[in-house]
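# Geometric and topological summary
Each chain, written out:
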Amino acid sequence: MNAPRPARLPMRPVRRWRAPDPGRDLLWLLLFALVLLASGLGLRDPWPADEPRFAMIARDIVESGRWFLPQRGPELYAEKPPVFIWAQALALRAVGDLRLAFLLPSLLAALGTLWLTFDLARRLWNRQSAFWATLALLVTVQFTLQARSAQIDALLLLWTTLGLYGLLRHLLLGPHWGWYLIGGFATGLGVITKGTGFLPWLVLLPYAWARWRDWPGLPRLAGGWRWALGPLAMLLAIGLWLVPLLLLSRDDPAIAAYRDELLFRQTVTRYANAWHHHQPPWYFLTQVIPLLWLPLVALLPWSVPAWRRRLRRGDVRQWLLLGWIVLVVAFFSASPGKREMYILPALPAFALAFAPLLPGLLRRPGVHRLLFGLATLLAAVLLLGAGWAWFGRPTFAIRIETQNMVAPWPWLFGVGLVGLLAILLAGPRRGAAGFAALLACLWLGYGLFGYPQMTDARSGRALMLQVERLMPADAELGLVAVPEQFLLQAQRPARAFGFKASRERQLAEALPWLLSDSAHRLMLPREVLVRCIDADAVIDLGTSNRRAMVLVPPAAVSAACAASEFSTSAP
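Note that the structure is predicted; figures quoted are calculated from it, not measured.

### Digging into the confidence of the model for the chain
Chain-level pLDDT for the chain is 90 on average; 95% of the residues reach the 70-or-more range. Overall, residues 1-19 carries pLDDT values under 50, and its contacts beyond four positions in sequence, including any with other chains, amount to one contact.

Shown next, in the form of structure tokens:
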């Protein structure tokens with residue numbers, strides 16, 4: 001008899017190999033970005049120096065409906081164009097909560113910048129290069145810092161990145177006249193956001209040189225008159241705001257003064273003859289990039305030789321990116337006034353320049369050992385410094401606690417400890433992962449623990465709650481020579497007597513107002529007290545944001561003295 005056939009085992013289904021999905025990569029990157037950038041959202045109020053000012057003006061826009069000419073208290077706000085403040089006002093109308101709304105424009109702008117970086121890197125090189133370049137940008141210190149701040153620079157970064165994206169899609173992958181047009185329009189939006197939105201156009205200089213040298217890889221872009229469309233699109237975006245402003249200013253001296261302050265003093269004069277933030281020409285190269293562009297800047301010993309080889313082979317992609325970065329840094333280095341966020345627009349291009357190198361660099365043991373050592377050093381400094389401040393009570397710790405009314409050492413110590421454990425777990429062979437883990441621990445700890453602990457002191461909310469306890473139920477509050485955060489955090493309707501106006505002019509209006517009603521109270525810094533105010537009769541409020549504040553009742557003011565001293569003080 002024939003032996004029975006063995007039963008057939010069920011066959012496992014054959015798994016079909018799937019090509020890498022760029023969309024899935026981008027989704028994971030954006031989810032990680034949300035964890036890193038949105039942690040703590042809604043747990044803090046706006047902090048000085050700029051955040052309370054923008055949030056206060058945005059709230060005033062929503063409450064008053066004055067959209068086109070934003071006001072800071074009684075004054076037109078002429079230090080910055082209004083686009084970022086409009087974005088905050090729209091966010092406030094959408095969500096209804098200022099604590100959530102004031103950070104949303106920066107968060108959304110950062111996510112948009114990451115998307116543009118990923119897509120451009122994928123098109124210029126490949127999916128793997130795009131993934132690592134975008135991740136590197138996300139964990140770079142300056143990018144994350146600005147994305148978590150309610151300042152103009154994150155939104156400016158979105159416009160300049162979109163402008164560069166559109167120009168490079170056309171110059172390197174074109175002809176794409178539509179993207180050229182979009183890039184030009186984005187630069188115009190950047191100009192009416194913070195003046196320097198035109199920076200992407202500087203890429204035409206290295207492009208013209210490469211075209212003159214007939215470098216390979218450049219598409220033919222014979223467009224004739226269509227080259228004028230990009231600048232015209234930029235002017236169109238600027239004109240959407242500037243033309244109505246010019247029309248309104250023809251018959252109104254106040255709006256004309258606002259126009260001149262914004263267009264000339266806050267742009268041309270601020271660049272050519274800055275009146276503050278003076279730094280030497282090498283400031284960005286020696287003090288900003290080495291720290292705020294970590295971890296990418298730590299890879300320069302390996303990347304510079306690779307860039308040199310690629311440039312010798314005529315890699316026009318690297319030439320345009322690196323040339324543009326150099327021009328941006330040189331442009332801001334030529335101005336006497338410098339701040340670290342000025343060169344932020346060049347950071348996505350810096351990450352893009354690393355894009356083709358990162359897959360190979362991350363296979364080098366030396367790269368991982370360097371990042372492991374750097375991360376271990378930073379974690380140790382954080383851990384030991386916070387521990388010393390917490391338990392040893394050195395002078396610097398007491399000074400920080402006195403000035404800021406908080407002791408952040410416990411959560412900083414915890415962040416350093418968890419970060420160090422994550423680095424050691426990753427090990428020297430995965431130093432890049434350890435460095436990213438340390439930064440993630442720092443930002444998560446900052447958002448989830450630092451925000452709730454520090455917000456009342458840094459925002460001025462704690463002081464204004466104290467003022468509220470000291471105010472009679474029917475009293476009105478006036479503010480003189482104080483920063484914007486105190487008006488923003490006032491627990492009752494308050495009146496500011498100016499922010500740009502001189503102290504003398506503010507007092508000339510405030511003292512008669514104070515004496516006009518026994519229910520009025522005036523809050524001002526102690527240093528502003530004049531001889532007409534009895535310093536022994538004021539109420540000491542303590543220190544907030546390094547200012548000793550007092551509350552002045554009408555009984556503390558000599559009416560005769562105020563009348564003679566300030567009757568003709570106001571211009």
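### Points about empty space enclosed by the protein
Going through the model one piece at a time under the given rule, you end up with five cavities of 30 Å³ or more. Volume-wise, the largest cavity comes out at about 70 Å³. Lining the largest cavity, in full, are Leu116, Thr117, Leu120, Thr160, Thr161, Leu164, Tyr165, Trp324, Pro345, Pro348, Ala349 and Leu352. For the lining of the largest cavity, the secondary structure elements donating two or more residues are helix 5 (104-124), helix 8 (153-173) and helix 16 (347-354). In terms of residues, the lining of the largest cavity owes the most to one element, helix 8, which gives four residues. In this structure, the second largest cavity spans a volume of roughly 60 Å³. Looking at the second largest cavity, the residues that line it are Leu37, Ala38, Ser39, Leu41, Leu103, Leu107, Ala147, Arg148 and Tyr451.

### Comments concerning unusual backbone geometry
Cis geometry is found at the peptide bond from Gly174 to Pro175, where omega equals 10°. For Arg393, which is not glycine, the phi torsion reads 55° and is therefore positive. Position of Arg393 among the secondary structure elements: in the loop between helix 18 (365-392) and helix 19 (395-404).

### Some points on the side chain of Thr113
Tracing the chain through its elements places Thr113 in helix 5. A polar side-chain atom of Thr113 sits 2.9 Å from the main-chain carbonyl oxygen of Ala109. Setting aside anything within four residues of it in sequence, one finds Thr113 in contact with Leu137, Phe143, Leu157, Leu158, Thr161 and Pro348.

The rules behind the values
Residues numbered from 1 in each chain as written. Predicted model: local features only at pLDDT ≥ 70, side-chain atom pairs only at ≥ 80, totals over all residues. Heavy atoms only, no water. pLDDT = per-residue confidence, 0-100. Contact = heavy atoms within 4.5 Å. 1 Å grid on protein atoms, 1.4 Å probe; cavity = no way out; pocket = protein on both sides within 12 Å on 5 of 7 lines; lining within 4 Å. Points joined across faces, edges and corners; volume = space filled by probe spheres on them. Helix = DSSP H or I, 4+ residues; strand = E, 2+ residues; numbered from the N terminus. Polar contact = N/O pair within 3.5 Å; in protein donor to acceptor, adjacent residues only side chain to side chain.

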